[in-house]
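Letter by letter, the chains look like this.
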Amino acid sequence: MLLPFFRPLLFLALALATTAAVTAPLPAVRAIVFVSPHCPLCQDLYAYLLPSLLERYGNRLELAQVDVTQTAGAAVYQAAVAPYGIGTWRENPTVLVGKKTLVGLDAIAATLGDGFESLAVSGSSATQWPDLAGLAALLPEGMRALKTQMTAVAPLPPLPRTNWHGRFLQDPVGNSLALAMLFFMLAVLAHILVRLRHATRNPQQTEVLLPLILVAGIGISAYTAYAALAGVAPICGPIGDCATVQSSVYSRLFGIPLGIFGIMTYSALLVSRPLARYLSPSGGGWRWLPWVIALGGFAFSLRLTTLEPFVIGATCLWCLGSAFAMTAALWLLTGEIHSPDTRPNQT
């Protein structure tokens with residue numbers, strides 16, 4: 001009989017299989033990926049981003065897609081609107097992981113990429129699927145469909161944003177507001193150039209208005225910076241599409257969210273203005289310092305306001321608020337350049 005000879009080998013094989021099952025890494029992060037067949041960036045998600053993430057983290061990362069164009073998928077997306085604060089679907093890949101909402105490729109790459117280990121800590125909510133009505137029934141097919149899409153990426157569908165006009169019509173109301181803000185900023189800039197040539201002065205209300213405007217600008221910048229760093233979609237209301245603007249490559253400079261630069265600029269104005277007014281040498285040369293800082297902030301705001309309707313195809317109301325604040329600050333500071341010396345009298 002050969003059975004006694006093979007019996008030790010069978011026990012050894014069973015032991016090895018059991019050990020492999022015990023030591024195999026369990027999913028440390030589970031994420032839901034909302035997609036649609038008409039989503040332009042979803043093709044890049046399937047072709048580049050998700051395969052690289054799965055290659056990097058293997059079985060520790062488990063993904064399932066939900067198609068929002070299907071009835072059941074749309075219902076799950078709607079169930080996530082309130083608890084996750086996501087807005088209307090804007091044909092931009094959206095991921096739910098733990099308690100975070102990631103909109104766009106940049107946010108997904110940053111949080112599921114370099115931020116993976118912070119999500120995978122013991123007891124983290126990211127180890128569980130989101131608790132959404134109807135999701136459990138879609139998970140098996142969602143995991144299979146996502147792997148199928150990654151192994152055989154379909155040809156890119158025609159992009160609806162083929163030119164500036166098509167991009168403008170993606171968010172006509174919000175982009176119209178951005179266009180109106182753009183004309184307003186250019187008109188104010190023309191008036192500022194006229195004020196620089198004449199010794200005009202601001203009314204006394206400037207002492208109250210300018211600090212309030214600068215504090216409001218800091219608040220707006222702080223919120224947008226928080227949303228970008230936390231990987232959550234900013235609350236935008238019924239007009240505009242802040243999530244699309246935040247996920248675009250134009251929302252960062254050197255990898256840093258523009259909101260960080262906004263905080264720095266408004267804070268620099270709060271500090272430099274009193275220095276320029278009270279410590280400036282005779283002739284008021286220092287009064288140009290806050291004006292130049294505000295001019296730089298105005299230029300960045302003008303650039304983003306131009307890109308939103310014509311390049312990005314979406315408008316962020318928070319960005320328009322910051323653009324208005326920076327424009328108003330520049331206009332008010334222009335009137336102080338020709339103001340009399342306000343230093344205390346020297347004895």
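Everything that follows concerns the structure shown earlier in this document.
Residues numbered from 1 in each chain as written. Predicted model: local features only at pLDDT ≥ 70, side-chain atom pairs only at ≥ 80, totals over all residues. Heavy atoms only, no water.

1. Section: the pairing of strand β3 (residues 94-97)
And then number 1: Taking every second residue as pointing to the same face, both faces of β3 are buried, with Thr94 and Leu96 on one and Val95 and Val97 on the other.
And then number 2: Of the pairings in the sheet, the one linking strand β1 (residues 29-35) to β3 comprises four bridges and is antiparallel in character. In the strand pairing of β3, Ala31 is matched with Val97.
And then number 3: Relative to strand β4 (residues 100-103), β3 runs antiparallel, the two being bridged by four bridges. When the bridges of β4 are listed, Leu96 appears paired with Thr101.
And then number 4: Count of turn residues in the β3/β4 antiparallel hairpin: two residues, of which Gly98 carries a positive phi of about 60 degrees. (Buried < 20%, exposed > 50% of the residue type's maximum accessible area, 1.4 Å probe, protein only. Helix = DSSP H or I, 4+ residues; strand = E, 2+ residues; numbered from the N terminus. Pairing = 2+ DSSP bridges.)

2. As for helix α4 (residues 105-114)
And then number 1: For α4, the full list of buried residues reads Leu105, Ala107, Ile108, Thr111, Leu112 and Gly113.
And then number 2: Where α4 is buried, its residues contact β1, α2 (42-57), β2 (61-67), β3, β4 and α5 (116-119). (Contact = heavy atoms within 4.5 Å.)

3. Considerations on the side chain of Thr334
And then number 1: Here Thr334 shows up in helix α13 (residues 317-336).
And then number 2: For Thr334, a relative accessible area of 0% translates into the label buried.
And then number 3: One polar contact links Thr334 to Trp291, side chain to side chain, over a distance of 2.8 Å.
And then number 4: Every residue in contact with Thr334, bar those within four places of it in the chain, is listed here: Ile192, Arg195, Leu196 and Trp291. (Polar contact = N/O pair within 3.5 Å; in protein donor to acceptor, adjacent residues only side chain to side chain.)

4. Considering the sheet that holds β4
And then number 1: Taken together, four strands build an open sheet; the order of strands is β2-β1-β3-β4 and the sheet is mixed. Looking at strand neighbours, the two that pair on one side only are β2 and β4, the edges of this open sheet. Across the sheet, the mean angle separating the axes of adjacent strands is 20 degrees when strand polarity is ignored.
And then number 2: Bridge count for β1 against β2 is seven bridges, and the pairing is parallel. Along β2, the bridge assignment pairs Val33 with Gln65.
And then number 3: Where helix α3 (residues 71-84) meets the sheet, it contacts β1, β2, β3 and β4, and its direction lies at approximately 115 degrees from that of β2.
And then number 4: Sitting on the sheet, α4 is in contact with β1, β2, β3 and β4, with an inclination near 135 degrees to β4. (Axes fitted to C-alpha atoms, helices over the stretch in contact; angles between N-to-C directions.)

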